[in-house]
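Residue-level structure breakdown
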Amino acid sequence: MTAPAIELRNISKAFGPVQANKDISISVAPKTIHGIVGENGAGKSTLMSILYGFYRADKGEIFVNGEQMDIPNSQAAIAAGIGMVHQHFKLVQNFTVLENVVLGAEDQILLQPSLEKARSLLQELAEGYELKVDPDALIEELSVGHQQRVEILKALYRRANILILDEPTGVLTPAEADHLFRILRSLRDEGKTIILITHKLREIMAVTDTVSVMRRGEMTATVKTTDTNPQHLAELMVGRSVLLRLQKEKADPGSTVLKIDNLCVSDSRGVERLKNISMQVRQGEILGIAGVDGNGQSELLQVLGGLATGTGSVEINGQELPLSGAGSDAQARREWGIAHVPEDRQLLGLVMDFMAWENMAFGYQHDERCRRGPFLMDIQSMQDYCRDKMKQFDVRPPSITALAKNFSGGNQQKIVLAREIDRNPDLLVVGQPTRGVDVGAIEFIHQQILDLRDAGAAVLLISVELDEIFSLADRVAVLFDGRIVGERVVSETNEGELGLLMAGIAESPAQAESRAISVTA
Amino acid sequence: MDLLVVVQLLDSMLRLSAPLLFACLAGLYSERAGIFDIGLEGKLLASAFFSAAFAAITGSVWLGMAAGITASVLLALIHGVASITFRGNQLISGVAINFLASGLTALIGQNWFKIGGRTPSLSGDARFLPVDLPFASALADVPIIGPLYSDLISGHTILVYVGLLAVPTTWWILFRTRFGLRLRAVGENPEAVDTGGISVTRLRYQATLICGLLCGLGGAYLATGMAAGFIKDMSAGKGFMALAALIFAKWRPGYALYACLLFGLLEAIAIRYQSIQIAGVGTVPVQFMQALPYILTIIILAGFVGKAIPPRAGGVPYVKER
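Just so you know, these numbers come straight off a predicted model, no measurement behind them. (Residues numbered from 1 in each chain as written. Chains lettered and ligands numbered in written order. Predicted model: local features only at pLDDT ≥ 70, side-chain atom pairs only at ≥ 80, totals over all residues.)

Turning our attention to the confidence of the model for chain A. Per-chain confidence: chain A averages 88 in pLDDT, with 96% of residues scoring 70 or above. Note on residues 515–521 of chain A: pLDDT is under 50 here. Beyond four places in sequence and across chains, it has 0 contacts. (pLDDT = per-residue confidence, 0-100. Contact = placed C-beta atoms within 7 Å.)

A word on the environment of Met-241 of chain B. Residue and element names in this part refer to chain B. The topology assignment puts Met-241 in helix H11 (residues 238–248). Its 31 C-beta neighbours within 10 Å are what place Met-241 among the buried residues. When the C-alpha positions of Met-241 and Thr-297 are compared, they lie 5.8 Å apart, and in sequence the two are 56 residues distant. Ignoring anything within four residues of it in the chain, the contact list for Met-241 reads Leu-20, Phe-263, Pro-293 and Thr-297. (Helix = DSSP H or I, 4+ residues; strand = E, 2+ residues; numbered from the N terminus. Buried ≥ 20, exposed ≤ 12 C-beta atoms within 10 Å, placed from the backbone.)

Right, let's talk about the environment of Ala-56 of chain B for a bit. Residues and elements named next belong to chain B. You can see Ala-56 is positioned in helix H2 (residues 40–58). Sequence separation between Ala-56 and His-79 is 23 residues; the distance between their C-alpha atoms is 28 Å. Aside from chain neighbours lying at most four places away, what touches Ala-56 is Thr-119, Pro-120, Leu-122 and Ala-126.

Here the focus is the pairing of strand S6 (residues 82–85) of chain A. All names here are of chain A. Both faces of S6 are covered, namely the face carrying Ile-82 and Met-84 and the face carrying Gly-83 and Val-85. In terms of strand pairing, S6 meets strand S7 (residues 162–166) through 4 bridges, oriented parallel. Following the sheet pairing, Met-84 is matched in S7 by Ile-164. (Pairing = 2+ DSSP bridges.)

Attention now moves to the sheet that holds strand S16 (residues 338–341) of chain A. Residues and elements named next belong to chain A. Reading across from one edge, S16-S19-S20-S13-S21-S22 is the order of the 6 strands in this open sheet, with mixed pairing throughout. Every other strand in the sheet has two partners, leaving S16 and strand S22 (483–489) as the edge strands with one partner each. Across the sheet, the mean angle from the axis of one strand to that of its neighbour is 15°, orientation sign disregarded. Alignment of strand S13 (residues 286–290) against strand S20 (residues 458–462), held across 4 bridges, turns out to be parallel. Paired with Gly-288 across the bridge in S20 is Leu-461. Contacts between helix H15 (residues 439–454) and the sheet are confined to S13, strand S19 (427–431) and S20, with S20 contributing the most and set at about 150° to the helix. (Axes fitted to C-alpha atoms, helices over the stretch in contact; angles between N-to-C directions.)

So, on to the nonpolar core. One finds Cys-24, Ala-245 and Ala-256 of chain B to be the most contacted residues of the largest nonpolar core, which totals 236 residues. Mapped onto the domain boundaries, this core takes at least three residues apiece from domain 1 (6–238) and domain 2 (256–344 + 423–520) of chain A. Once residues lying within four places of it in the same chain are set aside, the contact partners of Cys-24 of chain B are Ala-242, Ala-245, Leu-246, Ala-256 and Cys-260 of chain B. (Core = buried A, V, L, I, M, F, W, Y, C linked by C-beta atoms within 7 Å. Domains from an automatic or database assignment.)

With that out of the way, let us pick up the interface of chain A and chain B. In this complex, chain A contributes 22 residues to the contact, which on the side of chain B involves 18 residues. The dominant element in the side of chain A that touches chain B, judged by the number of residues it contributes, is helix H2 (residues 74–79) of chain A, at 3 residues. Among the residues forming the side of chain A that touches chain B, the class breakdown is 12 nonpolar, 7 polar and 3 charged. (Nonpolar A, V, L, I, M, F, W, Y, C, P; charged D, E, K, R; others polar.)

A separate point is helix H17 (residues 495–502) of chain A. Here H17 of chain A has its buried residues at Leu-498, Gly-499, Leu-501 and Met-502 of chain A. One side of H17 of chain A carries all its buried residues, which in axial view fall inside an arc of 160°. (Arc of directions from axis to C-beta.)

And the structure:
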């Protein structure tokens, strides 16, 4: 029997009072793809950072190919044949691909020979593993999918036999993710061992051989992928049974609330980020906006939330909404009945160093219930209100004086959502509602959004997670490069079709026409 | 304007831009590695004082230069410890170094030599003297080439040539060597360097030390090459001008040379033409001419000259653990 490629024994690591890893043991067989799943904060990344020498474990032993190793820094990990592809790429943006690949692994003082060597190796790898990238391109010119390939190439250039990938598909289109999986499988077949860290169960099922589940810093189970299913894994992750996809009634749309015509938005550098988009959302329906991050979603949220200016026409309940100048600020948007749950809640949704009750009032501090006379705040009423809301939304811990930054992602999101949907908005604009939110809280947040829909609000849901679009939206429009490249009824489409649209492969006019005919027929 | 005047102007441009060039390249190494350094001024000044003082005491300009470099490197190390090891604010540390240098040089100068914070005038071996390049006198009488070679190019002190050679050398180090690649990377994205298994701390200290060395050369040139001794605050903002030149040069060695030459030319013009008559306006006061390099510094620092993108990780201490 061959020794495991990686074996960790009784690893513990604490950051201050937080025990990130508790007595973790895991064994990874060579030439396999081993998945590690767990919610945000379950300790997956910490464990891998220990293995890669980024952090030092407080306790425990590491064995690589049967030999006990001390890995005090990344250098030692590289020497032991371990390579890591981080969630946030560690690339130098204005360097070429070649320069990034050789950085830190140059053979000698002069650069040129190392660059030439890397160039020929890249050539081989490109042919062997579908890892094609232009060696002379600057990183900032590459798509994220290609940047990720550079990270993999970096590891292979350093002769890594064990490759760790941390949340590799977060920024990829489904097609790019499939491509990545093909690369991983061919690497495995060539004898590499791969550890895949993710919170996406679909990926685990698609590509791994074995899967380990982590919860709250502990390793709760290790199973063969063929012996399990997503529902079972979700329960192991959360520690109770969860609904991965909520039951929802068929939508019963009423009159049009939001009508967008030829909306254009440019960013601060004058680059056009939204190009003539048009859409409608009616009462009691959820329109999902799918697409890979950075294709205009942020701008759409900002212009509707009053944080950016645009041109074109936006109507709310038949009335023209000002898109620039007076009356286009965020405060005015609230008076129009638009509630905005921003995609970056820590930057735009909360003041992280303020207490929960203060955060619960932001944007609505002029409301009657927050005021006492013309100048003073009614602190008592604001605190009572916050206490109520925290109870209603099951925010944990239910402390109104805790600072926003001390809540978990899911609880932070509950605070923002509680605040925004309290006034029964006509239109809820919500961006990435469950980014960085744990599985248990996702279920709750999704239910709130559905309830709001059923109460007759129009909801514009912007999400990069296709699973989320499928479980919430009634209709879905796909943004690519600032344009809407397709719109579908959710029950009549599938991930494959949306994935193609997200990659910018738009339907031809002929296809669109035939589809229109089949619908009317 | 005849050829002779032009040659004389360009000649003093070279002389005046050399200290700027040293400081500018010093800043280039430091900032390319992600350490902002507004303490260039202080390091120039400290080196100017100690090189003049030791040259005066020992009678050897080389020992003086060694002392100047040592002083400058020590200040660079202080900046390194504050901003790399203790992850302090790099601007504050730089400001502190400037104050420290300005006060200490005057204080120690007065204590040692008792002539109002100056050092005694240097002469002979205690100064860097002009070097005549080969064939300078032989070619002097040849038209055009003669004055260009023997008056403009030849006849500077050795440090001017070192400064000029430092430009292509710096380019070669930055863009053709392993060290240069890592240095540039650590100023752009230290995490990429760290995960590549290279010590960010060590690289940044190396850059800081090179910065100290180059400032030391610049300061030594100021007091023992360009002038014949140290006078209080003799760096006169050259460290800040070098910073402006560095931004103007977009952190590239070749452009840095041009930027420093431009500043040097302005100074040379101010020295040669104490008053200029402009029809309709009258006489431009000498103060205005002298202020020109400083005005240009402000214009550049205020960002009026194009968009300059600094190294991305500049000014940010590298923190690895949460």
